[in-house]
Amino acid sequence: MHLFTFIQLMCLVVLWTVKSTEASLAFPFFLILMVPLRSYLTRIFSPRELRALDGDQPDADDDEPDFYAEAPLPG
């Protein structure tokens, strides 16, 4: 989990740096480069780990629904 978070943080730093410099016109290009990077993560993490790290998709082995995903929002 720490490696995945570190990779996300580095992507954020790269995007923030590009946005803050004169190279900001290339921001969409760098944003699109995040898609191949995500597909490259399959070489580092197993598909099951990626499903768990991505979030909303329930694990196929899980019989009980997530309480926080099923709870109604107040108001």
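- As recorded in an unreviewed UniProt entry, the chain goes by the name Anion exchange protein 3-like Protein, listed as coming from Tribolium castaneum.
- The UniProt entry for the chain carries this comment under Subcellular location (unreviewed entry): "Membrane".

**Observations concerning helix 1 (residues 2–20)**
Think of an α-helix as turning once every 3.6 residues; residues three or four places apart then point the same way.
At step 1: Across its 19 residues, helix 1 extends 27 Å between first and last C-alpha, which sits within 8% of the 27 Å expected from 1.5 Å per residue.
At step 2: For helix 1, every residue scored as buried is listed here: Phe4, Ile7, Cys11, Leu15 and Val18. The buried residues of helix 1 occupy an angular sector of 70 degrees when projected down its axis, which confines them to one face. Among the exposed residues of helix 1, those pointing more than 90 degrees away from its buried face are His2 and Trp16.

**Topic: a nonpolar patch on the surface**
At step 1: Among the surface-exposed residues, Leu3, Phe6, Leu9, Met10, Leu12, Val13, Trp16, Tyr40 and Ile44 lie close enough to one another that they form a single nonpolar patch of about 890 Å² accessible area.
At step 2: Looking at the nonpolar patch, the element that brings in the most residues is helix 1, giving 7 residues.
At step 3: Residue position: valine 13 is located in helix 1.
At step 4: Overall, valine 13 belongs to the partly exposed group, its relative accessible area being 38%.

**Some details on the UniProt feature "signal peptide" (unreviewed entry) in the chain**
At step 1: As recorded in UniProt, the sites labelled "signal peptide" (unreviewed entry) are residues 1–23.
At step 2: In the segment residues 1–23, helix accounts for 83% and strand for 0%; the C-alpha atoms at its two ends are 31 Å apart.

**Description of the packing of aromatic side chains**
At step 1: Across all of its chains, the model carries 2 aromatic pairs by this definition.
At step 2: Ring geometry for phenylalanine 4 against phenylalanine 45: centres 5.9 Å apart, planes inclined by 80 degrees, an arrangement best described as edge-to-face. In this pair, phenylalanine 4 sits in helix 1 while phenylalanine 45 sits in the loop between helix 3 (34–40) and helix 4 (47–54), placing the two residues 41 residues apart along the sequence.
At step 3: Note on phenylalanine 29 and phenylalanine 30: the rings are 5.8 Å apart at their centroids and 80 degrees apart in plane angle, and the pair reads as edge-to-face.
At step 4: What makes phenylalanine 29 exposed here is its relative accessible area of 53%.
At step 5: Here the guanidinium or amino end of lysine 19 rests over the ring plane of tryptophan 16, the centre of that ring lying 5.1 Å away.

**What about the environment of leucine 12?**
At step 1: Relative to the assigned elements, leucine 12 resides in helix 1.
At step 2: Relative accessible area serves as the criterion here: at 49%, leucine 12 is assigned to the partly exposed category.

Reading guide: rules and limits
- Residues numbered from 1 in each chain as written.
- Predicted model: local features only at pLDDT ≥ 70, side-chain atom pairs only at ≥ 80, totals over all residues.
- Heavy atoms only, no water.
- UniProt positions renumbered as here; feature names shortened; annotations may be inferred.
- Helix = DSSP H or I, 4+ residues; strand = E, 2+ residues; numbered from the N terminus.
- Expected span 1.5 Å × (residues − 1).
- Buried < 20%, exposed > 50% of the residue type's maximum accessible area, 1.4 Å probe, protein only.
- Arc of directions from axis to C-beta.
- Patch = residues over 30% accessible without salt bridge, like charges linked within 9 Å, V, L, I, M, F, W, Y side chains within 5 Å.
- Areas by Shrake-Rupley, 256 points an atom, 1.4 Å probe, with all protein chains shown as cover.
- Salt bridge = Lys/Arg side-chain N within 4 Å of Asp/Glu carboxyl O.
- Phe/Tyr/Trp six-rings, centres within 6.5 Å; stacked < 30°, edge-to-face > 60°.
- Lys NZ or Arg CZ within 6 Å of the ring centre and 35° of its normal.

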